[in-house]
Amino acid sequence: MLDIELIRNQFPALMQQVNDQALIYLDSAATTQKPQAVIDSITHYYSSQNANVHRGSHSLTAHATTQFEQARECVADYIGAQSSKEIIWTRGATEALNLIAQTYARSTLQVGDEILVSEMEHHANIVPWQIVAEQTGAKVVKVPMTANGEFDFDTFTTLLSEKTKIVALAQITNVTGCRQPIEQVIETAHQHGAVIVVDGAQGIVHESVNMQQLNADFYVFSGHKLYAPAGIGVLYGKLALLEAMPPWHGGGKMVSKVSFEGTTFSELPGKFEAGTPNVAGAIALKAAINWLQQFDQRAVEQHIHHLQQKTYNALSNIEDIQVLGYQANASVITFVMDGVHHQDIATLLDQQGIAVRAGHHCAHPLMDAFGVKGTVRISFGLYNTEEEVDLLIAAIEKAVDML
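This section reports on the structure supplied with the text.

Turning our eyes to something else, we now look at the layout of surface pockets. As a volume, the largest pocket reaches approximately 380 Å³. Surrounding the largest pocket, 26 residues form its lining, Ala29, Ala30, His122, Gln202 and Lys225 being those nearest its centre. By residue class, the composition of the lining of the largest pocket is ten nonpolar, eleven polar and five charged.

Written as structure tokens, this is what we have:
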């Protein structure tokens, strides 16, 4: 059984007050707060290990390199990669998706090829495909959602053709927390010879993943949603695909030999990691994974699902509140209030110390599909409590009365 109070005490940021109220942080889908173990790993690196990696011969750089590559191996084990060479460090999921678009996609797509993208995607999994489509003459094709806010698998199967070269979709959507049928999509798309890109930024936080079982061609995520710091992310790619892809950024570390007659590039994963990497971020991501693995993931998710269900039940009884695209056993609730701007609700909640997200959540097409300009999003982490939900509902009721 989880001791939530003991867990909360490991998060210094949760101990503060906002607007003279104890902070209630309900924006974990945007970024999670960081446990002391992760903060300490960053402090320890900069206070006693700080050095560049893969270059130099002194003890500090040797130790930093060891820690850096152990973090890569940790991530490979965590997601069931076949080799640590399949793990490429990036700044986050956004950079990872752009890397795939500008290396794999740009070097393989031809005029008339199609990229199928879910209507429910974050902009980071839409815009890079639009850019590469303009560069290559390919076409981005929207896979719509159903009336109740789920991936329209039936329409997806009708859109698949010999023109389909790439399918891109999120494991879990960032607006509604909807879990998309990635296993069925991967299997069906592979039957048509398409390559699958999965945005796991929200999914990896709430599910165990194994790349050998999932069989995604590419899988990306950001550390800052996984209780690690911002600025570190992961691109997983199947080894054969990564080896065939050209490099994206040029510079130090990604080369084996440079001359004015030509350059030869490093082997994986160095080919895609030009320049000085985020060593502290990689080490801290390993610390975050190790910290998370002390808990039973099923117990963590049951706790979060209970908070979500409790919130949904209460919101359903508040007049003028409409929950959009609700899916049970998720970590997110997004809602609108009739005749009231979403930002006004979020501001009133903030005045009561409650942090939620208001806006379009970098998902304009999904907002358009729902017919709204924006929503209020509540998202839970393992550190949230039932008492916080009670205070949230009371604050929303107060806001409704005022508005």
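Another point: the pairing of strand E6 (residues 139-143). Pairing analysis gives five bridges linking strand E5 (residues 114-118) to E6, with the strands arranged parallel. Note that in E6 the partner of glutamate 114 across the bridge is lysine 139. The handedness of the E5 to E6 crossover, carried by helix H5 (residues 127-136), is right-handed.

What follows covers the packing of aromatic side chains. Aromatic ring pairs are reported here in terms of the distance separating the ring centres and the angle at which the planes meet. Inspection of the entire model under this criterion finds 14 aromatic pairs. Aromatic pair phenylalanine 11 and tryptophan 291: ring centres 5.4 Å apart, planes at 80 degrees, arrangement edge-to-face. In this pair, phenylalanine 11 is assigned in the loop between helix H1 (4-8) and strand E1 (17-18) and tryptophan 291 in helix H11 (residues 279-292), connecting sequence segments 280 residues apart. By relative accessible area, phenylalanine 11 is classed as buried at 0%. A ring pair is formed by tyrosine 227 and tyrosine 383, whose centres lie 6.0 Å apart and whose planes are at 85 degrees; its orientation type is edge-to-face. You can see tyrosine 227 sitting in the loop between strand E9 (218-222) and strand E10 (233-237) and its partner tyrosine 383 sitting in the loop between strand E17 (375-379) and helix H15 (386-402), a full 156 residues away along the chain. The class of tyrosine 227 is buried, set by a relative accessible area of 3%.

The final tally for this structure, using the stated rule, is one cavity of 30 Å³ or more. In this structure, the largest cavity occupies an estimated 80 Å³ of space. Lining the largest cavity are 14 residues, and of these Ser28, Ala29, Gln202, Val205 and His206 sit closest to its centre.

Okay, the environment of glutamine 213 next. Among the structural elements, glutamine 213 can be located in helix H9 (residues 211-214). A sequence separation of 30 residues divides glutamine 213 from glutamate 183, and the C-alpha atoms of the two residues are 9.2 Å apart.

Looking now at the packing of helix H2 (residues 36-49) against H11. Closest axis-to-axis distance for the H2/H11 pair is 8 Å, and the angle between their directions is 145 degrees. The interaxial crossing formed by H2 with H11 has right-handed handedness. Of the residues in H11, those in contact with Ala37, Val38, Ser41, Ile42, Tyr45, Tyr46 and Gln49 of H2 are Val279, Ala280, Ile283, Ala284, Ala287, Ala288 and Trp291. Here the residues of the contact of H2 with H11 sort into twelve nonpolar, two polar and no charged.

What follows is about the pattern of salt bridges. Counted under the stated rule, the structure contains 13 salt bridges. Residues arginine 357 and aspartate 27 are paired through a salt bridge, measuring 2.7 Å at the closest nitrogen-oxygen approach. With arginine 357 in strand E16 (residues 357-359) and aspartate 27 in the loop between strand E3 (24-25) and H2, the pair connects residues that are 330 residues apart, well separated along the chain. For arginine 357, a relative accessible area of 36% gives the class partly exposed. Residues participating in the shared-partner salt-bridge network are Glu69, Arg72, Lys253 and Glu273.

Among the nonpolar cores identified, the biggest contains 94 residues, and Ile79, Val167, Leu285, Leu315 and Ile396 are the most heavily contacted of them. Counting residues per element, this core draws most heavily on H11, at eleven residues. If we skip the residues at most four places from it in the chain, leucine 285 touches Val75, Trp89, Phe221, Gly223, Leu226, Ala228, Ile232 and Val234. If you look at the next biggest cluster of nonpolar residues, it comprises 31 residues, including Leu97, Leu99, Leu242 and Met245.

Before going further, it helps to spend a moment on the side chain of asparagine 174. With respect to the helices, strands and loops of the structure, asparagine 174 is situated in the loop between strand E7 (164-170) and helix H7 (182-191). Among the polar contacts listed, one links the side chain of asparagine 174 to the backbone oxygen of histidine 361, at a separation of 2.9 Å. When near neighbours in sequence (up to four residues on either side) are disregarded, asparagine 174 contacts His122, Gln202, Val332, His361 and Arg377.

Rules used in this analysis
Residues numbered from 1 in each chain as written. Predicted model: local features only at pLDDT ≥ 70, side-chain atom pairs only at ≥ 80, totals over all residues. Heavy atoms only, no water. 1 Å grid on protein atoms, 1.4 Å probe; cavity = no way out; pocket = protein on both sides within 12 Å on 5 of 7 lines; lining within 4 Å. Points joined across faces, edges and corners; volume = space filled by probe spheres on them. Nonpolar A, V, L, I, M, F, W, Y, C, P; charged D, E, K, R; others polar. Pairing = 2+ DSSP bridges. Helix = DSSP H or I, 4+ residues; strand = E, 2+ residues; numbered from the N terminus. Right-handed = clockwise from strand over helix to strand, strands pointing away. Phe/Tyr/Trp six-rings, centres within 6.5 Å; stacked < 30°, edge-to-face > 60°. Buried < 20%, exposed > 50% of the residue type's maximum accessible area, 1.4 Å probe, protein only. Axes fitted to C-alpha atoms, helices over the stretch in contact; angles between N-to-C directions. Left-handed = near helix turned anticlockwise from the far one by under 90°. Contact = heavy atoms within 4.5 Å. Salt bridge = Lys/Arg side-chain N within 4 Å of Asp/Glu carboxyl O. Core = buried A, V, L, I, M, F, W, Y, C linked by side-chain atoms within 4.5 Å. Polar contact = N/O pair within 3.5 Å; in protein donor to acceptor, adjacent residues only side chain to side chain.

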